[in-house]
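# Overview (structure and organization)
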Amino acid sequence: MAIRQYTDRELRALHERREQTFSVTLSGQRRHAILFEPYNISHTEYRVLALLFFSDGGEPSVIADKLMILRQTMTKVIDSLEAKGYVERTGHSYDRRKVYINLLPAGKRLARELLCLESDYLDRVDRQFTEEEMETYRSLSRRIQNARAAVMQEIVAERAEEKSEAIDA
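None of the values given here were measured: they were computed from a predicted structure.

Take the nonpolar core next. Core analysis: the largest hydrophobic core is formed by 25 residues, its most contacted members being Ile 41, Val 48, Leu 49, Ile 63, Leu 81 and Val 87. Of all the secondary structure elements, the ones that give two or more residues to this core are α1 (8-36), α2 (43-53), α3 (60-67), α4 (71-83), β2 (99-103) and α5 (105-126). Apart from the residues within four sequence positions on either side, Leu 81 is in contact with Ile 41, Glu 45, Val 48, Leu 49, Tyr 86 and Val 87.

The structure is reproduced here in structure tokens:
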């Protein structure tokens, strides 16, 4: 796969765009640190609690993949949430090697409270814009996310093809 060579000016512009995207992610993490500080819950723990709140539990590897969290990190997050009494590990119904993560009642209450806290914050932000502006933002955000996912799939397919060609050679 040939990688395009960029000018320094192009690289700077792309780097600035990447940093802007990263700063949005960091601002979300900082927001959670401030909002959830009284609850002693990290940004990642919140994401796991929220996912579990809207599902019937799941395997740690599946949860990690859905949230794009490293599996090693997921183990630490589950350990922390379990120690705090918010989740439990249970044996898988048909495969003893697998575990399943479920929210305990205290975890459900906390997840609901944190989701309400986050929703209130976002509602207050959204009121700063018209409905049309928010719809444009959401539409563009979805398109950007879909485009990034499609390009990433293309790259993965190209690399798989290169590996296959190298093996055949």
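On to the packing of α2 against α3, then. One can describe the packing of α2 onto α3 by two numbers: an axis separation of 11 Å at closest approach and a directional angle of 110 degrees. Here α3 runs roughly perpendicular to α2, going by the angle between their axes. Counting all contacts with α2, which are made through Arg 47, Val 48, Leu 51 and Leu 52, the residues of α3 involved are Ile 63, Lys 66 and Leu 67. Residues that form the contact of α2 with α3 fall into these classes: five nonpolar, no polar and two charged.

For the rest of this paragraph, the subject is the environment of Gln 72. Looking at the element boundaries, Gln 72 is found in helix α4. On the basis of relative accessibility, which here comes to 55%, the residue Gln 72 falls in the exposed class. A C-alpha to C-alpha distance of 9.9 Å links Gln 72 and Pro 60, two positions twelve residues apart in sequence.

With that settled, the discussion passes to the confidence of the model for the protein. When pLDDT is averaged along the protein, the result is 88, and 99% of the positions lie at 70 or above. Ranking the elements of the protein by mean pLDDT puts α1 last with 80 and α4 first with 95.

This brings us to the side chain of His 32. With respect to the secondary-structure elements, His 32 resides in helix α1. There is a polar contact of 3.0 Å between the side chain of His 32 and the side chain of Glu 118. Apart from the residues within four sequence positions on either side, His 32 is in contact with Glu 37, His 43, Tyr 46 and Glu 118.

Glancing now at the packing of α2 against α4. When two helices pack together, their arrangement is given by the angle between the helix axes and by the axis-to-axis distance. Packing of α2 against α4 leaves a shortest axis separation of 10 Å and a crossing angle of 80 degrees. Here α2 is positioned roughly perpendicular relative to α4, judged by the angle of their axes. Across from Thr 44, Glu 45, Val 48 and Leu 49 in α2, the residues of α4 making contact are Met 74, Val 77, Ile 78, Ser 80 and Leu 81. Its residues placed into classes, the contact of α2 with α4 shows six nonpolar, two polar and one charged.

This part covers unusual backbone geometry. Of note in the backbone geometry, Asn 40 takes a positive phi value of approximately 55 degrees without being a glycine. Of note, Asn 40 is situated in the loop between α1 and α2. A positive phi is found at Met 68, a non-glycine position, where the angle reads about 55 degrees. Of note, Met 68 is situated in the loop between α3 and α4. On the basis of relative accessibility, which here comes to 74%, the residue Met 68 falls in the exposed class.

Rules used in this analysis
Residues numbered from 1 in each chain as written. Predicted model: local features only at pLDDT ≥ 70, side-chain atom pairs only at ≥ 80, totals over all residues. Heavy atoms only, no water. Core = buried A, V, L, I, M, F, W, Y, C linked by side-chain atoms within 4.5 Å. Buried < 20%, exposed > 50% of the residue type's maximum accessible area, 1.4 Å probe, protein only. Helix = DSSP H or I, 4+ residues; strand = E, 2+ residues; numbered from the N terminus. Contact = heavy atoms within 4.5 Å. Axes fitted to C-alpha atoms, helices over the stretch in contact; angles between N-to-C directions. Parallel < 35°, antiparallel > 145°, perpendicular 65-115°, else oblique. Nonpolar A, V, L, I, M, F, W, Y, C, P; charged D, E, K, R; others polar. pLDDT = per-residue confidence, 0-100. Polar contact = N/O pair within 3.5 Å; in protein donor to acceptor, adjacent residues only side chain to side chain.

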